[in-house]
Each structure stands twice: as structure tokens, then as C-alpha cells.
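Chain by chain, the residues run as shown.
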Amino acid sequence: MEQIAIGFQEAIDLLITGDAELYEIVGLSLMVSLSAVILSTFLGVPCGALIGTHNFPLKNALLRIIYTLMSLPPVIAGLVVFLFIMRRGPLGMWGITYTPTAMIIAQVCLVTPIITGLTYNIVRDKAPKVKSLAVTLGAGRLESLKLLIFELRIGIMAAIVTGFGRALSEVGAVMIVGGNIKGKTRVMTTYIAQLKSMGDYSTAIAVGIVLLILAFLINTFLYNVQQKVEK
Amino acid sequence: MRVYLENLTKEYEGRKILDIGTLLIEDGALCGIIGPNGAGKSTLLNLIAGLIKPTEGSLLYGEGLSSSAPFREMTMVFQAPYLIRTTVEKNIAYPLKLRGWADVAIECRIEELTEELGLTNFRKQKSWTLSGGEAQKVALARALSFRPRLLLLDEPTANVDPSTTAEIERMLRKINEKEGTTVVLVTHNLVQAKRVCKEVLFMDQGEVVEFGISETLLRDPKQELTKRFVAGELLT
Ligand SMILES: Nc1ncnc2c1ncn2[C@@H]1O[C@H](COP(=O)(O)OP(=O)(O)OP(=O)(O)O)[C@@H](O)[C@H]1O
Ligand SMILES: [Mg+2]
């Protein structure tokens, strides 16, 4: 219990004094997770919408795979990406092991299925009505898809927020492909894991609290955007 | 716009629910479709709107009897209107934006339509806060915005009060008369069919039983089935 209290105190101190190392770590965390979520949104939202509005062979099999990938353990995502990008791997020539790029790729693998699956669920329920409307008003294929995404924007936003939460909070993937290198690939979650193993519990808690505060601020921001969209 | 139906059938899971021989809806028609529940009225309308495909037969549109549905020139109003989650005016503007109208032209058209349908004060209101009748008027304004050549309506006044119904009916007659829009109106209200439509089509169990001038058909139907339906409905 005491550790938490001390950690709290330290968190406030860290934030006020503006510890440069911490800011760098926070900055990288945000950069990696936001990039991953943006990429996953562009991949996952159209995929989810297309799967939700079309019937094709093996659709059910595909859905089961997506649902499974939604709960993919981050270490596995990290491991697979690592095997691809390691020096002897098929993408070894890219030379991106232990870089933020690799971390972004690993998180895209984690987050895209989540956004795809959640988008699919919302689309499936509402798509027939929106599609009928779009067709009767003379919208083409692309325009219909755009209208559908516009109509479901609130649910899609929630899917994106969920994906972002997943990206920001996972350790396994970024640890394996990033390696927690100080000043290069160290992010909040890997830093916490390291502080813990060094026995520096109060700093670990302090960073944890910073992570929570950030998550809160980002969700507040997105919530406000959502409210604006509604108005 | 003229619509020609040729040996049109529709089956669901092997059950034939629509079997229309040949039927011609003339350009400029104001045609009512009546008939009991499950007769296939909505199915017929959805087929014409291109929302579903016929099992057999063909649908031909326009002067040239083209077999591809002219989605940009026709539209449909549903019994339960689906409005886009945005303001009234943006709903009305949507089909115009699709057709690349200039902003000024869109603004003029919105003003014209909202005024005519008594929606001026609702222009900025969110679609989900409208009452059922208001929503139906917005759906109608949106459907009319781009001056369709063919307007299909599926029981548009089923949940609408008498004065709003009168407004909608007046609008339908007006666009038919002034702009020559072909109108097909499915209705359960025979009095409405009599008031609004120039011709009426009576359907039962997926087949066209009788098609004729509305005055004559509703007053003095030829077919026994129509007689019973009209008598029953007009009495109750
Ligand atoms: N997708 C479908 N699958 C199976 N049967 C259907 C489907 N759509 C319609 N039907 C059947 O087709 C018949 C005609 O339905 P339709 O909705 O066209 O009737 P309607 O004349 O519009 O009736 P109402 O006056 O009640 O609106 C009904 O028996 C209905 O159950
Ligand atoms: Mg019906």
C-alpha cells in the first residue's frame, strides 16, 4: 500500500519537475500507439464495413479468425513480427528490428483485428437500411460505403478508442520487437516492467499513474470529439 | 418515367410471392397500388426501385425501355423513414451533393422545399429529434430534392396525422401535375387512393387482379375480388 502512496507522490513530482527522460518515453509511447491506431483504422474500418455488407464464400471462417485475432496475446504478435523482420527473416533487409517502426507494425497487427471485428458488428446490424437508402438516393458503391461509415461514426469511434487502449497498454509486442532500449525504443509499459524488475516500485507506480492519466485525457478528448460530431 | 414489367416473378425459398404478367406504368402516371397485407405490394415496389432482383422476367425503364435501373432518376420513400444522423437540411441536401449540385443551387432548393412542406423552422434540427410525421416530410423533401422522374412511395402516410397527410398528398399531386413526375403510391387508405391517384392497381396474392382509372375501379370494380376488397375496406 505504501508503495502506491509513494508512487503517487513521485508521479506528481515527476510531472511537475518535467523529467526529460519520462517525457521522451511518454512521447514515444504516444507516437507508436497513435501511429498504429491510425494505420489500423484505415485498414480495419473499411474491411469491417465490407465484410458486414457482403456475402462471400468462407465468410464465417474469416470472421472466426478475426474474432480469434481480437484476443491475440501481444507476445505472439510481437514474436511473429519479429520472425519476419529479424536479420535472417523474410523482411530482414528492412533492418527495422529494435526500432519504433517495428513496434508500430506489431501494434497494427494487434489493433487491426479489434477495429475490424468491432466495426463489422456495428455494420452488420445497420447496413441493410443504410444501403437501401443510399441506393434509392442514387449513391454509388463508394458513396454508399462513405454514408455507412458516416452513419456509424459513433460506434466506429468507440472501436478506435478500444483499439487505442489496447495499443497503449500492451507490453509484450513492443518489448519483443522494440527491446526496451533506453532513448530509442523504451515506452511506458516496457519501462514499468523494467523498473519493477529493478525493484524501483515507486517509480514504476509513478509511470503507471502517468499512463492512466494519459489514457484518461485521450479518452476525454475523443469523447468531446464524439459529442461535437453529434451536435 | 415509364416502367414496363414483363413476366415478372419473385420467389423466396421456392415460394412464389409475386407473379406479374405484363404491366405498363405510363410516363406521368399517378398510380396507386392497393391490396391486402402480404399481397406483394412492397415487394413490387422494391423490385421497381432496384433494391431486389426479380427471379424471372424483366423490368424496363424510360422511353428507350432500358433494362438497367436508372438509380439517379428515381427514388423511394419508405413507411418508416430512415433519416441520416444529421440535420434536416443536410438530409435534403444529400442527394444533391451526390449529383454535384452547386452550393447555391442546393441552398435554393432546400429553401423551396422546406417552405412548401412547412419545415422552415426545422432546417437546423437533428433528424433523430423529429416527430414521426415531421421525419416523413423530411424524407419526402429529400426524395423530391433532385426532381426524380419516378417516385415510389410505400405507405408514406401510415403513421401520419390527417393534416400532414393532406400536405403530403397535395405535394404528390403537384409534382405529378407540374413536373410530370411519375408517382407510384402503395396505400391501405382507399379514400386516399381515390383522392390522390389517377389510376389504381389492385393486387392479391402476388398477382395483379385489376388495373384501371381510380374513379371507375374504386366505384365500380369489375372483378369479384376487387369488389369484396373495396366494399370491405370502404365500410370498415
Ligand atoms: N425476404 C423475404 N423472405 C421471404 N418471404 C418474404 C420476404 N419478403 C417478403 N416476403 C413475403 O412476401 C409476401 C409479400 O410481402 P410484401 O411485403 O410485399 O406484402 P405487402 O403487400 O407489402 O403487405 P403489407 O400490406 O402488409 O405491407 C409476404 O407473404 C411476405 O411474407
Ligand atoms: Mg408492405
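Above this text is the structure in question.
Predicted, not measured: the structure shown is a model, and the values here were computed from it. (Residues numbered from 1 in each chain as written. Chains lettered and ligands numbered in written order. Predicted model: local features only at pLDDT ≥ 70, side-chain atom pairs only at ≥ 80, totals over all residues. Heavy atoms only, no water.)

Enquirer: Help me understand the overall build of chain B in this model?
Expert: The helix and strand tally for chain B stands at 8 helices and 9 strands. Once the C-alpha set of chain B is aligned to its principal axes, its extents read approximately 50 × 40 × 35 Å. Per-residue burial for chain B yields a buried fraction of 53% across its 236 residues. A sequence separation of at least 24 residues applies to 67% of the contacts in chain B between residues at least 6 apart. Surface exposure of chain B reaches about 10600 Å², of which carbon and sulfur atoms provide 49%. Distance between charge centres in chain B, computed from 30 positive and 32 negative side chains, equals 4 Å. (Helix = DSSP H or I, 4+ residues; strand = E, 2+ residues; numbered from the N terminus. Buried < 20%, exposed > 50% of the residue type's maximum accessible area, 1.4 Å probe, protein only. Contact = heavy atoms within 4.5 Å. Areas by Shrake-Rupley, 256 points an atom, 1.4 Å probe, with all protein chains shown as cover. Lys, Arg positive; Asp, Glu negative; His and termini not counted. Charge placed at Lys NZ, Arg CZ, Asp CG, Glu CD.)

Enquirer: Explanation requested: the sheet that holds strand 5 (residues 74-77) of chain B in the structure shown.
Expert: The pairing of strands in a sheet comes from backbone hydrogen bonds and takes either a parallel or an antiparallel form. Residue and element names in this part refer to chain B. With respect to topology, 6 strands assemble into an open sheet ordered 5-6-7-3-8-9, the strand pairing being mixed. Edge positions in the open sheet fall to strand 5 and strand 9 (207-213), since each of these has one partner strand only. In this sheet, neighbouring strand axes are inclined to one another by 15° on average, regardless of whether the strands run parallel or antiparallel. Relative to strand 7 (residues 182-186), strand 6 (residues 150-154) is paired through 5 bridges, and the arrangement is parallel. (Pairing = 2+ DSSP bridges. Axes fitted to C-alpha atoms, helices over the stretch in contact; angles between N-to-C directions.)

Enquirer: What is the right way to look at the sheet that holds strand 2 (residues 15-25) of chain B in this model?
Expert: Residue and element names in this part refer to chain B. Read from one edge to the other, the open sheet built from 3 strands follows the order 2-1-4, with strand pairing classed as antiparallel. Sheet topology places strand 2 and strand 4 (56-61) at the edges, where each strand pairs with a single neighbour. Sheet twist, expressed as the average angle between the axes of neighbouring strands with direction ignored, equals 20°. By the bridge criterion, 9 bridges tie strand 1 (residues 3-12) to strand 2 in an arrangement that is antiparallel.

Enquirer: What's the story with the site of ligand 1 in this structure? I'm lost.
Expert: Residues and elements named next belong to chain B. The local shell around ligand 1 holds 13 residues, among which Asn37, Lys41, Ser42, Thr43 and His188 are the closest. In the environment of ligand 1, an oxygen atom lies 2.8 Å from a nitrogen or oxygen atom belonging to the side chain of asparagine 37. Residue glycine 38 places a main-chain N or O atom 2.8 Å away from an oxygen atom belonging to ligand 1. When isolated, ligand 1 has an accessible area of 640 Å², and the protein chains bury 64% of it. Put simply, the parts of the chain that give the shell around ligand 1 at least two residues each are strand 2 and helix 1 (41-48). Here the shell around ligand 1 gets 3 residues from one element, more than from any other, and that element is helix 1. Per-class residue counts for the shell around ligand 1 are 4 nonpolar, 6 polar and 3 charged. (Near = heavy atom within 4 Å. Polar contact = N/O pair within 3.5 Å; in protein donor to acceptor, adjacent residues only side chain to side chain. Nonpolar A, V, L, I, M, F, W, Y, C, P; charged D, E, K, R; others polar.)

Enquirer: Teacher, can you tell me more about the pattern of salt bridges here?
Expert: Where side chains of opposite charge bring their charged atoms close, a pairing between them can arise. All names here are of chain B. Tallied over the full model, the rule gives 14 salt bridges over all chains. Lysine 124 serves as the salt-bridge partner of glutamate 89, at 2.7 Å between the closest nitrogen and oxygen. Taken together, the positions of glutamate 89 in helix 2 (residues 88-98) and lysine 124 in the loop between helix 3 (103-116) and helix 4 (132-144) put the pair 35 residues apart, joining distant regions of the chain. One salt bridge connects arginine 147 with glutamate 179, and the closest N-O pair in it is separated by 4.0 Å. Linking arginine 147 in the loop between helix 4 and strand 6 with glutamate 179 in the loop between helix 5 (162-178) and strand 7, this pair joins segments that are 32 residues apart in sequence. The class for glutamate 179 is partly exposed, based on a relative accessible area of 28%. Because the salt bridges share partners, they merge into one network encompassing Glu89, Glu107, Arg123 and Lys124. (Salt bridge = Lys/Arg side-chain N within 4 Å of Asp/Glu carboxyl O.)

Enquirer: Sorry if this is basic, but what is going on with the interface of chain B and chain A here?
Expert: For an interface, size is often stated in terms of accessible area lost upon the parts coming together. Contact residues are listed per partner, giving 19 residues for chain B and 17 residues for chain A. Buried area between chain B and chain A, both sides added, is near 1700 Å², and the carbon and sulfur share of it is 60%. Sorting the residues of chain B by area buried against chain A places Tyr82(B), Arg85(B) and Tyr94(B) first, and these three jointly supply 37% of that buried surface. Remark: the boundary between chain B and chain A carries 1 salt bridge. Linking chain B with chain A are 7 residue pairs in polar contact (both at pLDDT 80 or more), by the criterion used here. Listed by contribution, the elements that provide at least two residues to the side of chain B that touches chain A are strand 5 and helix 2 of chain B. Split by residue class, the side of chain B that touches chain A holds 12 nonpolar, 2 polar and 5 charged. (Buried area = accessible area lost by both parts, 1.4 Å probe.)

Enquirer: Would you mind going over the pairing of strand 9 of chain B with me for this structure?
Expert: Two faces belong to every sheet, and in a regular strand the side chains alternate between them. All names here are of chain B. The sheet contact formed by strand 8 (residues 199-204) and strand 9 spans 6 bridges and is antiparallel. Its bridge partner being in strand 9, methionine 203 is matched across the sheet by valine 208. Between strand 8 and strand 9, which pair antiparallel one after the other, the connecting turn spans 2 residues, and glutamine 205 there sits at a positive phi close to 45°.

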